[in-house]
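Here is what each chain is made of, one letter per residue.
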Amino acid sequence: MTNLLLDLPPLSAARFASIEDRVARLLGTGQDVVITQGEALLPLEGAIRATAGPGTTALNVITGPYGQTFGDWLRDCGATVIDLTVPFHTAVTAEQVRDAFAEHPEIDFVSLVHAEAATGNTNPVAAIGEVVREHGALFYLDAVASVGAEPVLPDAWGVDLCVIGAQKAMGGPAGVSAVSVSERAWARMAANPNAPRRSYLSLLDWKERWIDGGRKTLLHAPAQLEMLALEACVERIEAEGLETVMARHASAAAATRAGALALGGIAPYVHDAADAAPVATTLRAPSGTTASELVARALAADPDLPLAAGGGALAREMIRVNHYGPDATRGTVRACLTALATALTDAGLSVDLPAALTAAEQPWR
């Protein structure tokens, strides 16, 4: 018995390195890029544990659940953590970050999520990066959801550790991820006695045994299928054009927001469109309804629609339309609006689906 997924020739170090180079070009970075063999939580945690320790004072920006997770990791490393929490229906501002530095000039590490797919907001990384550079802090960015949906520019923004994953806007596999690492970040890791070594979490192992060795010998057998899928999804982005891919996501977000407003009954969870992420649109369920129940009704006819309720406590009030990757299309947006209209009607609410579909057409023109 044969199968396209089996009996493949080994992935060579040269092929692995070439995929890293293509990811670096996607990010427009001259920094080292390490492709890690696991979901993005691997480099997200590994980068924090490599650079933070008892002497670290970290400003941890929380605009969604991942920011909360980063704070837990930083505390576990022994860092002093200053949480800057903003309501999930908005984004943090550069001025708020500046105020935090003014109050705590000892801050030497800043952690931030670019786009929070879970809450539907996106943060102004370029402006925040300017503030972080002024104070000389190390800048750690989770760009897992944003890459492919909006610009991600580690070098231009002064990001020292930029983690990406392929499973959202890039439309690729979930089992492989990457991190770009600045020289400042490598130096911080080398000076950190608590940085993981001889560990799956260790970025320094990749630096010393892979990068410094001229990328000739891999640390371990690569996740071959995931690497080939990553290569294929980067090729697809290159063929379509990154600007075109990002424009498609922006149109999907604008169409979903406009359609929801015209539909009635539901409203955007993120108040200001400028704070809304192009990777996913979150909606607030009407009073007297439960978001998870509305989503279940909407999915009854088509379980494959990219609809979900919010996580945890947000399951009662938040509906999420995940219009990313192959779902960043006019057809997907129309199908989601139609399914939500059916769910709202079944719940006894009055909606205007024709108006919603008309409004959703405008951003694509």
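See the structure printed just above.
Described in the following lines is the structure provided in the data block. What you see is a predicted model, and the numbers here were worked out from it, not measured in a lab.

Moving on, we get to the overall build of the protein chain. Helices and strands together make up the secondary structure of the protein chain, namely 13 helices and 13 strands. Computed over C-alpha atoms, the radius of gyration of the protein chain comes to 21 Å, within 12% of the 21 Å expected from 2.2 N^0.38 for 365 residues, which places it in the range of a compact globule. Here the protein chain holds 365 residues, and 55% of them are scored as buried. Within the protein chain, counting contacts between residues at least 6 apart in sequence, those at least 24 apart form 69% of the total. Here the protein chain displays about 14700 Å² of accessible surface, and carbon together with sulfur accounts for 54% of that area. Taking the average location of the 26 positive side-chain charges in the protein chain and that of its 41 negative ones, the two points are 3 Å from each other.

Helix α13 (residues 353-361) packs onto helix α10 (residues 242-263) with a crossing angle of 155° between their chain directions and a minimal axis gap of 7 Å. Classified by the angle their axes make, α10 and α13 are roughly antiparallel. Relative to α13, the crossing made by α10 is right-handed. Contacts between α10 and α13 involve Ala-255, Ala-258, Gly-259, Ala-262 and Leu-263 from the former and Leu-353, Ala-355, Ala-356, Ala-359 and Ala-360 from the latter. Here the residues of the contact of α10 with α13 are counted per class, giving nine nonpolar, one polar and no charged.

Following the sequence through the fold, Arg-320 ends up in strand β13 (residues 318-321). Glu-116 is the oppositely charged side chain nearest to the buried, salt-bridge-free Arg-320, at an N-O distance of 9.1 Å. Side chain to side chain, Arg-320 and Asn-322 meet in a polar contact 2.9 Å long. Not counting chain neighbours up to four residues away, the residues in contact with Arg-320 comprise Ala-117, Ala-118, Ala-280, Thr-281, Thr-282, Pro-306, Leu-307, Ala-308, Ala-309 and Gly-310.

Right, let's talk about the packing of aromatic side chains for a bit. Across all of its chains, the model carries six aromatic pairs by this definition. A connected cluster of aromatic rings, assembled from ring pairs, spans Phe-70, Trp-73, Phe-109 and Tyr-140.

Here we take up the sheet that holds strand β12 (residues 307-309). The four strands are arranged β10-β11-β13-β12 in an open sheet whose pairing can be described as antiparallel. Every other strand in the sheet has two partners, leaving β10 (267-268) and β12 as the edge strands with one partner each. Its contacts with the sheet place α10 against β10, β11 (281-284) and β13, and it is angled at close to 15° to β11.

On to unusual backbone geometry, then. Note: most residues except glycine have negative phi, and most peptide bonds are trans. Positive phi is not limited to glycine here, since Asp-7 has a value of about 60°. On the secondary structure map, Asp-7 appears in the segment before α1 (13-27). Asp-7 gets classed as exposed once you look at its relative accessible area, which sits at 70%. You will see that Arg-198, though not glycine, has its phi angle at about 50°, which is positive. When you line up the elements, Arg-198 lands in the loop between α7 (183-190) and α8 (203-211).

Together, Leu-4, Leu-5, Leu-6, Leu-8 and Leu-225 line one region of the surface with nonpolar side chains, adding up to about 510 Å² of accessible area. Classification of Leu-5 as exposed rests on a relative accessible area of 55%.

The side chains of a regular strand alternate, first on one face of the sheet and then on the other. The element strand β2 (residues 57-62) is extensively covered by neighbouring structure, given that six of its six residues are classed as buried. The side-chain alternation of β2 yields two buried faces, one formed by Thr-57, Leu-59 and Val-61 and the other by Ala-58, Asn-60 and Ile-62. Taken together, the six bridges between β2 and strand β3 (residues 80-85) define a ladder with parallel strand orientation. In the sheet register, Ile-62 faces β3, and the bridge partner there is Thr-85. Since β2 and β3 lie parallel, the crossover through helix α3 (residues 65-76) that links them has a hand, and here it is right-handed. Relative to strand β4 (residues 109-113), β2 runs parallel, the two being bridged by three bridges. Its bridge partner being in β4, Ala-58 is matched across the sheet by Phe-109.

Scoring rules and cut-offs
Residues numbered from 1 in each chain as written. Predicted model: local features only at pLDDT ≥ 70, side-chain atom pairs only at ≥ 80, totals over all residues. Heavy atoms only, no water. Helix = DSSP H or I, 4+ residues; strand = E, 2+ residues; numbered from the N terminus. Rg over C-alpha atoms; globule rule 2.2 N^0.38 Å. Buried < 20%, exposed > 50% of the residue type's maximum accessible area, 1.4 Å probe, protein only. Contact = heavy atoms within 4.5 Å. Areas by Shrake-Rupley, 256 points an atom, 1.4 Å probe, with all protein chains shown as cover. Lys, Arg positive; Asp, Glu negative; His and termini not counted. Charge placed at Lys NZ, Arg CZ, Asp CG, Glu CD. Axes fitted to C-alpha atoms, helices over the stretch in contact; angles between N-to-C directions. Parallel < 35°, antiparallel > 145°, perpendicular 65-115°, else oblique. Left-handed = near helix turned anticlockwise from the far one by under 90°. Nonpolar A, V, L, I, M, F, W, Y, C, P; charged D, E, K, R; others polar. Salt bridge = Lys/Arg side-chain N within 4 Å of Asp/Glu carboxyl O. Polar contact = N/O pair within 3.5 Å; in protein donor to acceptor, adjacent residues only side chain to side chain. Phe/Tyr/Trp six-rings, centres within 6.5 Å; stacked < 30°, edge-to-face > 60°. Pairing = 2+ DSSP bridges. Patch = residues over 30% accessible without salt bridge, like charges linked within 9 Å, V, L, I, M, F, W, Y side chains within 5 Å. Right-handed = clockwise from strand over helix to strand, strands pointing away.

Treat this as a map of the structure, not an account of what it does.
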